[in-house]
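Given next are the chains, with one letter for each unit.
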Amino acid sequence: LVSTTLKNASPQVWLRAVDHERRVLTSTHDALAKVNPFLELVRKLPPREAEAVDLALKNGDPQLVTKLLEESGDKAALASWKETQKFLEDTGKEMKAMGVIKGLTPNYFPRIVNDVEGLLEHMGTKHRVGLEKVLHEAETKSIKATGQGLTELEKSQLINTYMAGKPGSAKPGFTKSRVIDYIDSGMNKFYASSPDALVAYTHQAVKNTERARFFGKNVVKDPETGRFNLDGSIGEMLAEDLRTGKVSLDQVEEIRSVLHARFGAGDMPSAQVIQGYKNITNAALLGNITSAMVQFGDVAVSAYAYGVLPAVQAVAQMAAGKKKVSVKDLGLVDHISQEMASGSVQPMKIAGHEVSTAKFLDKIFKYSGFSAIDQFGKTTVINAAINKAQKQASTPKGIGDIYSKYGEAYGPDFGKLIEGLKSGELTPEVRLYLFAELSRFQPISKLEVPKAYLNNPNGRVLYMLKTYMLKQMDLVRRDSLQKVQEGKIKEGMTNLTKLAITLGGAGATTEAVRNWILGRENEFELSDVPANFLKTFGWSQYVIDKARKGEPIQAIAGTVAPPFKVWDD
């Protein structure tokens, strides 16, 4: 996986990348928490009022929005609108300070075109030709200068600039005056709803700001377009790390390749139709209590990693409402895994109607108990981790154990980590430690997937329901095989034995309970433990049966192919 490749090359660069993933998730959650009250209230407005507010937002008329909300008599909606305005203003200032944007637009509210072809058709031949040329030239220039195409938000910004007849990034040249003065209800169908546009903008703003923070003073921008230059930024960052001795010359190409995958194609979403397929299939396969129960295996993982006592203590703390840390502290309250993260927050247009398969999946996971059990598992891991780490931080030997794992990665900040653990405070260093620990066992970020997953947005469908399996393989590689290769044979083989017992035992126990719930015959045998350990790595009963029947191709296909039988069933 990308994280293992990066850590083997440079622990310091790896931890910096892990912290980036943590900040993206935490900042996105915090930002959406600020605007969600307004979004929910707008969605609940009567259709006529909702359309009026939507058009006022799209046409950049905040006074009209305020007036409409005042007339509705909804004081909560008015207050949340003012909070949203403040959020947009503060976000703009932060992006300007970080160099993400050059200037601020007064009364800005994002406006996103989600049916470019329909809008072009609506505009007529004259403006269609001009706008198509603008988009083509900008896309070509962007790919040539930065190696990346335009995002949906950037395309929308070009379209908006062109239609307003303004000079700037779009550089129309084809129009001397406004193409349109006002977006009316007839044109509105080509645009995403204002709530969906705001959500998409929030994700993009956080991503761009945190990317700028990750590269810091090493950010390189194309002098003509002003856009972020990925290759140049990676080159500048690694050149500085070479000068300061953080990386060696033979590690540079490995790190460059990983960072290019993560910040290049890794930031691109899958096609909407593929994302829709994944969301609906995941809902069909995982949206039930028996599938959700598999998540209880995380408790066993906690026992393997931190010992039985810290794991049991973590469960007891949660039962008593006294947990030391929650998934919310790490930005994971609405995030299950990287595989489940929607590649696009914009809904699909089907027969003229907006359909969000991502929202559908979220509701299925909520009401099936999948999300709740997943959060229980994650909370167990991070509380068991902090229980053990705080105990270790109280003794020289324990500090030495933590240092052997994280000393090189934290560098001069290692002392702050120990101080935070001793004080019991959730300092940034402690939060990062817990996020890194949870990342050891679950694919919660874009670092916990293979490079091919990142480099092939539409190919990610091949990894459906396999990222957790690959993460467990990576765990065996890190904790066992690499230890043996380092000459620590006893430690490596002990870890492998413990993993087989805990993962196999948890799987066999869960399987027995699931069989009981479903009314199946259920006779537990000792052989169920190793069998369930192998199931963790894709060697399921289906695969075994196919292999026994002399159908090896179907057995292999059942392991590597994306799930498709559910559509027949």
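The rules behind each value
Residues numbered from 1 in each chain as written. Predicted model: local features only at pLDDT ≥ 70, side-chain atom pairs only at ≥ 80, totals over all residues. Heavy atoms only, no water. Helix = DSSP H or I, 4+ residues; strand = E, 2+ residues; numbered from the N terminus. Rg over C-alpha atoms; globule rule 2.2 N^0.38 Å. Buried < 20%, exposed > 50% of the residue type's maximum accessible area, 1.4 Å probe, protein only. Contact = heavy atoms within 4.5 Å. Areas by Shrake-Rupley, 256 points an atom, 1.4 Å probe, with all protein chains shown as cover. Patch = residues over 30% accessible without salt bridge, like charges linked within 9 Å, V, L, I, M, F, W, Y side chains within 5 Å. Salt bridge = Lys/Arg side-chain N within 4 Å of Asp/Glu carboxyl O. Polar contact = N/O pair within 3.5 Å; in protein donor to acceptor, adjacent residues only side chain to side chain. Phe/Tyr/Trp six-rings, centres within 6.5 Å; stacked < 30°, edge-to-face > 60°. Lys NZ or Arg CZ within 6 Å of the ring centre and 35° of its normal.

### What about the overall build of the protein?
Of the regular secondary structure elements, the protein holds 28 helices and two strands. For the protein, the C-alpha radius of gyration of 26 Å lies close to 25 Å, the compact-globule estimate for 569 residues. Reported as C-alpha extents along the three principal axes, the dimensions of the protein are approximately 75 × 60 × 50 Å. A buried classification covers 50% of the 569 residues belonging to the protein. Nonlocal contacts in the protein, meaning residues at least 24 apart in sequence, comprise 72% of its contacts between residues at least 6 apart. Looking at the protein as shown, the accessible area adds up to about 27,500 Å², and 57% of this sits on carbon and sulfur atoms.

### Overview of a nonpolar patch on the surface
Residues Val513, Trp516, Ile517 and Leu518 make up a contiguous nonpolar surface patch of roughly 420 Å² in combined accessible area. Within the secondary structure layout, Val513 lies in helix α24 (residues 489–517).

### A look at unusual backbone geometry
Of note in the backbone geometry, Asn107 takes a positive phi value of approximately 55 degrees without being a glycine. By the secondary structure assignment, Asn107 is in the loop between α5 (75–97) and α6 (116–123). In this model, Leu465 sits at a positive phi of 60 degrees, which is unusual for a non-glycine residue. For Leu465, the position within the fold is in the loop between α22 (451–455) and α23 (467–485).

### As for the side chain of Arg22
Mapped onto the fold, Arg22 is located in helix α2 (residues 11–44). For Arg22, a relative accessible area of 8% gives the class buried. Reaching out from Arg22, the side chain makes a polar contact with the side chain of Asp19 at a distance of 2.9 Å. In contact with Arg22, not counting residues within four places along its chain, are Pro428, Arg431, Leu432 and Phe435.

### Remarks on the packing of aromatic side chains
This structure, assessed with the given rule, holds 16 aromatic pairs. Summarising the aromatic geometry, the rings of Phe214 and Phe215 are spaced 5.0 Å apart at their centres and angled 90 degrees between planes, so their arrangement reads as edge-to-face. Residue Phe214 is classed as buried on the basis of its relative accessible area, which comes to 7%. Residue classification places Phe215 among the buried positions, given a relative accessible area of 2%. In textbook terms, an aromatic cluster arises when at least three aromatic residues are bridged by ring pairs, as seen for Trp14, Tyr406, Tyr410 and Tyr433. Stacked on the ring of Phe263, the Lys or Arg Arg262 has its end atom at 5.1 Å from the ring centre.

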